[in-house]
Amino acid sequence: MILQIRAGIAYGCPRLFIAVGNPRFNHGVLFVRVDLTILIMNKILLFNPKSANAKYRIPNSILNIAASVDGKYEWVIVDGNCEADPIKKIESYVDTGEFKYFGFTVMPGPQLRQAIIAAKAIKLKYPETKMIWGGYFPSNHSESVLYSGYVDFIINGPGDHAFPLLIDALENDMPFEFIKNIIYKNRDGQLIKNGKEDLIDQDSLPPLPYEKLNNFYPIPKFLGKTYLGNHTLAYHSSIGCPFTCSFCAVVPIYEARWKAKSAQTVYKDVKYIKDKWGADAIEFHDNNFFVSEKRAVDFSRLMLEENMTWWGMARIDTMSKFKDSSLEIIRASGCKCIFFGAESGNNAILEQMDKGGTQTGDQIIQFAERLKKFDIIPEYSFVLGTPAPTPEQVQAQIDFEIDFIKQVKAVNPKTEIIIYTYSPVPTPGSELYKQVLSSGFKFPQTLEDWISPAWENFDLRKNPLTPWLTPDMIDKIRNFETVLNGVYPTVTDIRLSQVKRAAIKLVSTIRYKINVYNHPYEIKLLQRVWKYRQPEIQGF
């Protein structure tokens, strides 16, 4: 018996003809036609939905997934930030008949709208495809995602192992019940959440495929001009955080775990992108870059001769323990600004938020003052409007924080202040979330509800939709923020000239000094005309 294989085109579609028998004779030969699109339909499309109107960054989360399957499965990336019509671009790939798997990264906020629209369109037109979502939003809102009808799996946490294992299982019709870090529906429609994997040694992971990304979108496009530099690189050097703040979306995913790349590995990656594509600044998008003083100092030493500026996120109670010599070398290496979640100057509120650690209101002020001598700008975020038993207590908390923020500014005027209104995060078992539910708050039940006008900005923490906050309370928070930003315009808005800064400060100072914040229309007008940028919404 001889097997003969021939390929051909039939009706515009690739076919494989398998002849079984002796090809020297016409009789006794059976031709079996196989559709090649079935054989090769295992490519992966990775989608980074649009997250910014300008100054978008390297899509690190999707690039991590690409690295996990690189060399085993063919993949492409579509970046919604770089495409005028990303759905059309996606369809151009899918129409080849070669793509079966779709990996979306979906963060709360701006990415969600485009992710939902794209996922629905793809699933409707190509129902045989497998839709896999990762990111904070699907992990924290798995029911509304999986019961939408167009998402098949969720990667719940790091996907470096989970994603390729899931693709392997689907390709080979193998069970996936024991693959860690995934959420899915079983045959009965039940939501199944598999166990969590131990965090992976970050240095053991394959390098990110920057060269291949450059084939789809030139890397220099992702290195935008910011307050930090002309060609700013976004980079993740660690995952997770060792704390359990009950208002943080990271906590349910990483469960107080943290794993970091070594200082040497981080330096090697940064140096590569600097030398290859001209990066001159770094935004570290870690949830908590400065967990380890030794790692931060080791990295800083390596960076001393590179002439780059950088920014990262930290905790006040962690960095307040750093030695002066450590802070000196961190600044000397180019660290210009550090983001801190101050959250509240009220110790009772910090306890209510389960902030953990040893942070206090006094420490927040003292550390802001301490950083002055190192010329490091502290960027403090505050959360106003946490739930309380009575409206009077909620209002008192708002008033307290406004006064406290002014105290911080008094000791260090360069402190950048970012103001959020409290937005609930579904942290299982937390007392704060129990208070939220008892107040009558409910999340949307469907994905379509999440992109309704009322909910679209919810996760930007500007439109809280929380029943304990009255419109007057929200107005007071927003109006104070407007006046504060008038007196102290953010240094990160590089388009705002010194003349404009002086003008907006002049019209805002009297209000700030006499505590009159209502109806600041003159300040809002200037901010609108000059297109004032808020870093918490638009980045640097």
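These numbers were taken from a predicted model, which means no experiment stands behind them.

Draft legend 1. Highlighting the environment of phenylalanine 176. One can find phenylalanine 176 in the loop between helix H7 (162-171) and strand S9 (182-185). Relative accessible area serves as the criterion here: at 17%, phenylalanine 176 is assigned to the buried category. Separated by 18 residues in sequence, phenylalanine 176 and asparagine 194 place their C-alpha atoms 9.3 Å apart. Once you skip the residues sitting within four places of it in the chain, phenylalanine 176 turns out to touch Phe153, Leu166, Ala169, Leu170, Ile182, Tyr184 and Asn194.

Draft legend 2. Inspection of helix H2 (residues 60-69) at higher detail. Most of H2 is tucked away: eight of the ten residues are buried. Along H2, the positions that sit buried rather than exposed are Asn60, Ile62, Leu63, Ile65, Ala66, Ala67, Ser68 and Val69. Buried positions along H2 lie against strand S4 (43-48), strand S5 (75-79), strand S6 (99-105), H7, helix H8 (210-216) and strand S11 (232-235). Once H2 finishes, glycine 71 follows within two positions and takes phi at roughly 90°, a positive value.

Draft legend 3. Representation of the nonpolar core. Ranked by internal contacts, the top residues of the largest apolar core, which has 136 residues, are Phe104, Trp133, Phe290 and Tyr380. Tyr227, Leu228, Phe339 and Tyr420 belong to the second-largest nonpolar core, a separate cluster that totals ten residues.

Draft legend 4. Broad picture of the packing of aromatic side chains. This model, assessed by the stated rule, comprises 32 aromatic pairs. Geometrically, the ring pair formed by tyrosine 272 and tryptophan 277 is edge-to-face, given 5.7 Å between the ring centres and 85° between the ring planes. Between phenylalanine 382 and phenylalanine 404, the ring centres sit 6.0 Å apart and the planes meet at 65°, which makes this aromatic pair edge-to-face. One end of the pair, phenylalanine 382, is in strand S17 (residues 377-384); the other, phenylalanine 404, is in helix H16 (residues 391-411), with 22 residues separating them in the sequence. In this pair, the class of phenylalanine 382 matches that of phenylalanine 404, namely buried. A connected cluster of aromatic rings, assembled from ring pairs, spans Tyr235, Phe284, Phe289, Phe290, Phe299 and Trp310. Directly above the aromatic system of tyrosine 227 lies the positively charged group of lysine 336, at a separation of 4.4 Å from the ring centroid. Lying over the aromatic face of tyrosine 512, lysine 406 brings its terminal NZ or CZ to 4.4 Å of the ring centre.

Draft legend 5. Here's a closer look at unusual backbone geometry. We note that asparagine 181 has phi near 70°; this positive angle belongs to a residue other than glycine. Residue position: asparagine 181 is located in the loop between H7 and S9. Phi at glutamate 255 is positive, roughly 50°, even though this residue is not glycine. On the secondary structure map, glutamate 255 appears in the loop between helix H9 (251-254) and strand S13 (258-260). What makes glutamate 255 partly exposed here is its relative accessible area of 46%.

Basis of the calculations
Residues numbered from 1 in each chain as written. Predicted model: local features only at pLDDT ≥ 70, side-chain atom pairs only at ≥ 80, totals over all residues. Heavy atoms only, no water. Helix = DSSP H or I, 4+ residues; strand = E, 2+ residues; numbered from the N terminus. Buried < 20%, exposed > 50% of the residue type's maximum accessible area, 1.4 Å probe, protein only. Contact = heavy atoms within 4.5 Å. Core = buried A, V, L, I, M, F, W, Y, C linked by side-chain atoms within 4.5 Å. Phe/Tyr/Trp six-rings, centres within 6.5 Å; stacked < 30°, edge-to-face > 60°. Lys NZ or Arg CZ within 6 Å of the ring centre and 35° of its normal.

By themselves these figures say nothing about function.
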